[in-house]
Amino acid sequence: MIERPVIWLFGIFKRTWVSVVLLSLAVSNLISSLDRANWVEEDNILILAFLTGLVFGWLLARSHFSGLFAFFYSLVVALAVSIEGVSRALPSWGDFLSTPFSQSLYQINLRGYEFFLRAGGWVDQLEKGENIRDTGIFVLLLGFILALCGAWMMWKLIRQDRALEALLPAGFLMALNVHLSRQPLTQYWMFLFCAILLIVQ
C-alpha cells in the first residue's frame, strides 16, 4: 500500500535530485539567516510560516488548480498561519490529546478572542498615530510575507519552471535580513551561488 507513494517520490527525486539539493541548500541558508537574526524571541514562528508556504506551494503546483485559485488559496493559508503564530490558538498535539475536547475548544475560543482584542488595540494605536510596541504585529506581517514567499517559490519553480522569478523575493528578503541584522555575507553568497546554479541549469 505504501510502496506506490514511495516509488513515486523516489522517481521524482531521481529526475530532479540536482534541483532538490540546490533548492534545499538555498532554503536552509535563508532559514539559518532568519534564525540568526533573532528578531523576536520565538522566531520559530517565522520559520514555520516559510516552511508552510513551501509545502502548500508545492501541493498547489502539483495540483490542477488555476493560478488565480492558487493565489487566493495561498493568501488564506498565509494569513491563517501568521495569525496562528501570533495567537497560539491551536493547542499542541500533546495538550490536545491529554485535554478534554470541550476544554480544548474553550481554550481555542479564548485565545482567538484575545487575539481579536490584541488586533483591535493595534488598530486603535494606528488611528491615534501612536507607535505600536507590540512585536506581535511584526510577527504577523513578516510571517504572512514569508508564507507567501515560500508558496510563490514553489509555484514558479514547479508549475512554471521560472527559477529567477521564483528566487527573487526570497533573495530580496534574505539580503534585507542580512543587512538589517548586520550578519556576515557568507550565507548570502552561498544562497546566491545555489540560486545561480538553479537558474542556469
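Residues numbered from 1 in each chain as written. Predicted model: local features only at pLDDT ≥ 70, side-chain atom pairs only at ≥ 80, totals over all residues. Heavy atoms only, no water.

## Brief notes about the overall build of the chain
- Scanning the chain from N- to C-terminus turns up eight helices and zero strands.
- For the chain, the sequential pattern of α-helices and β-strands runs α-α-α-α-α-α-α-α.
- In terms of overall dimensions, the chain has C-alpha extents of about 50 × 50 × 30 Å along its principal axes.
- Sorting the 201 residues of the chain into buried and exposed places 36% on the buried side. (Helix = DSSP H or I, 4+ residues; strand = E, 2+ residues; numbered from the N terminus. Buried < 20%, exposed > 50% of the residue type's maximum accessible area, 1.4 Å probe, protein only.)

## As for unusual backbone geometry
- Of note in this structure, Arg88 is not a glycine but carries a positive phi near 55 degrees.
- Assignment of secondary structure puts Arg88 in the loop between α3 (67-87) and α4 (93-98).
- When its relative accessible area of 37% is taken as the criterion, Arg88 is described as partly exposed.
- Even without a glycine there, the phi angle at Arg182 is positive, about 55 degrees.
- One can find Arg182 in the loop between α7 (163-180) and α8 (186-200).
- What makes Arg182 exposed here is its relative accessible area of 75%.

## Looking at the environment of Glu84
- Take Glu84: it is sitting in helix α3.
- Setting aside chain neighbours within four positions, we find Glu84 in contact with Ala89 and Leu90. (Contact = heavy atoms within 4.5 Å.)

## Quick word on the pattern of salt bridges
- The final tally for this structure, using the stated rule, is three salt bridges.
- The shortest N-O distance in the salt bridge between Lys156 and Glu165 comes to 3.0 Å.
- We classify Lys156 as buried; its relative accessible area is 8%.
- Residue classification places Glu165 among the partly exposed residues on the basis of a relative accessible area of 32%.
- When salt bridges with common partners are traced through the structure, they connect Lys156, Arg162 and Glu165 into a single cluster. (Salt bridge = Lys/Arg side-chain N within 4 Å of Asp/Glu carboxyl O.)

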